[in-house]
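# Overview (structure and organization)
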Amino acid sequence: MQYLINLSEESDHFLRQLCDPGGNSHSEAVSVGDFLSAFVEEQLDDMFVRRERRKTEKDKKLDDAVRSAKERAHAWSEAVIATHAALDAMRKLVTDEATNPKPDRRRRK
C-alpha cells in the first residue's frame, strides 16, 4: 500500500534529517518525536484553517439570512405604519364628515 502525503518545507526538512542523520553534518539530528510533533502540529493547523474557512462561509450565509430577515421586517414595519396612517386619515375624514356634513353637490345641478 502506498500513501501520498503533502509535507511543508519544514516537515520535509525534518523527515530528511530523520532518515539520514549523518548526511548533513551542519544540522542537528532530529528525533522521531520532534518530527511527529511538528508534523501533527502542521496537520492540525491545516485542519483548523479549513474549519475556520467553512465556518466563515457558514457565518456569511447566516449573516446574509439575518440581514434579509431584518430588511423584510423593516419593510413590513413601514407598511404597517403607512396602513395605520391611512386608517387614521380615513377615520378623521369620516368623523369630520359626520360632525360637519357638507351640502350634497348633486342637488346643485
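Refer to the preceding data block for the structure.
Residues numbered from 1 in each chain as written. Predicted model: local features only at pLDDT ≥ 70, side-chain atom pairs only at ≥ 80, totals over all residues. Heavy atoms only, no water.

### A word on the overall build of the protein
Defined as follows: Numbering of helices and strands starts at the N terminus; helices are DSSP runs of H or I of at least 4 residues and strands are runs of E of at least 2. Only protein chains enter the calculation, and the probe is 1.4 Å; a residue is then buried if its accessible area is under 20% of its type maximum, exposed if over 50%, and partly exposed in between. Only the protein chains shown count as cover for residues, and all accessible areas are computed by the Shrake-Rupley method using a 1.4 Å probe.
Per the secondary structure count, the protein includes 2 helices and 0 strands. Taking all 109 residues of the protein together, the buried fraction comes to 6%. Carbon and sulfur atoms make up 57% of the accessible area of the protein, which amounts to about 10300 Å² in all.

### Considering a negative patch on the surface
Heads up, the condition is: A patch consists of residues whose relative accessible area exceeds 30% and which take part in no salt bridge; residues with like charges are grouped when within 9 Å of each other, and nonpolar side chains (Val, Leu, Ile, Met, Phe, Trp, Tyr) when within 5 Å. The salt bridge definition used is simple: a Lys or Arg side-chain nitrogen within 4 Å of an Asp or Glu carboxyl oxygen. His is not counted, nor are the chain ends; Lys and Arg add positive charge and Asp and Glu add negative charge. To locate a charge, take atom NZ for lysine, CZ for arginine, CG for aspartate or CD for glutamate.
On the surface, Glu10, Glu41, Asp45 and Asp46 cluster together into a patch of negative charge. It is helix α2 (residues 32-99) that provides the largest number of residues to the negative patch, a total of 3 residues. With respect to the helices and strands, Glu10 occurs in helix α1 (residues 9-19).

### Focus: the pattern of salt bridges
Enumeration over the complete set of coordinates arrives at 3 salt bridges. Among the ionic pairs, Asp64 bridges to Arg67, the shortest N-O distance being 2.9 Å. Here the residue Asp64 and the residue Arg67 both occupy positions in helix α2, the gap between them amounting to 3 residues, near one helical turn. In this structure, Asp88 engages Arg91 in a salt bridge whose closest nitrogen and oxygen atoms are separated by 3.0 Å. Of this pair, Asp88 and Arg91 both sit in helix α2, separated by 3 residues, roughly a single helical turn. Here the residues in one salt-bridge network are Lys60, Asp64 and Arg67, joined through shared partners.

### Side note on the environment of Leu36
Within the fold, Leu36 resides in helix α2. Accessibility expressed as a relative area gives 43% for Leu36, which makes it partly exposed.

### Remarks on the packing of α1 against α2
Spelled out, the test is: Only the contacting stretch of a helix is used when fitting its axis, a line to C-alpha atoms as for every element, and angles between N-to-C directions run 0 to 180 degrees. If an angle is under 35 degrees, it is roughly parallel; if it is over 145, roughly antiparallel; if it lies from 65 to 115, roughly perpendicular; otherwise it is oblique. In this scheme the handedness of a crossing depends on how the near helix is turned from the far one: anticlockwise by less than a right angle means left-handed, clockwise means right-handed. We call two residues in contact whenever any of their non-hydrogen atoms come within 4.5 Å of each other. The classification used treats Ala, Val, Leu, Ile, Met, Phe, Trp, Tyr, Cys and Pro as nonpolar, Asp, Glu, Lys and Arg as charged, and all other residues, Gly among them, as polar.
For the pair α1 and α2, interaxial distance at closest approach is 10 Å and the crossing angle is 160°. As far as their axial angle goes, α2 and α1 are roughly antiparallel. Between α1 and α2 lies a crossing of left-handed hand. Residue-level inspection shows Ser11, Phe14, Leu15 and Leu18 of α1 in contact with α2, the latter providing Val32, Phe35, Ala38, Phe39 and Glu42. Residues belonging to the contact of α1 with α2 are distributed by class as follows: 7 nonpolar, 1 polar and 1 charged.

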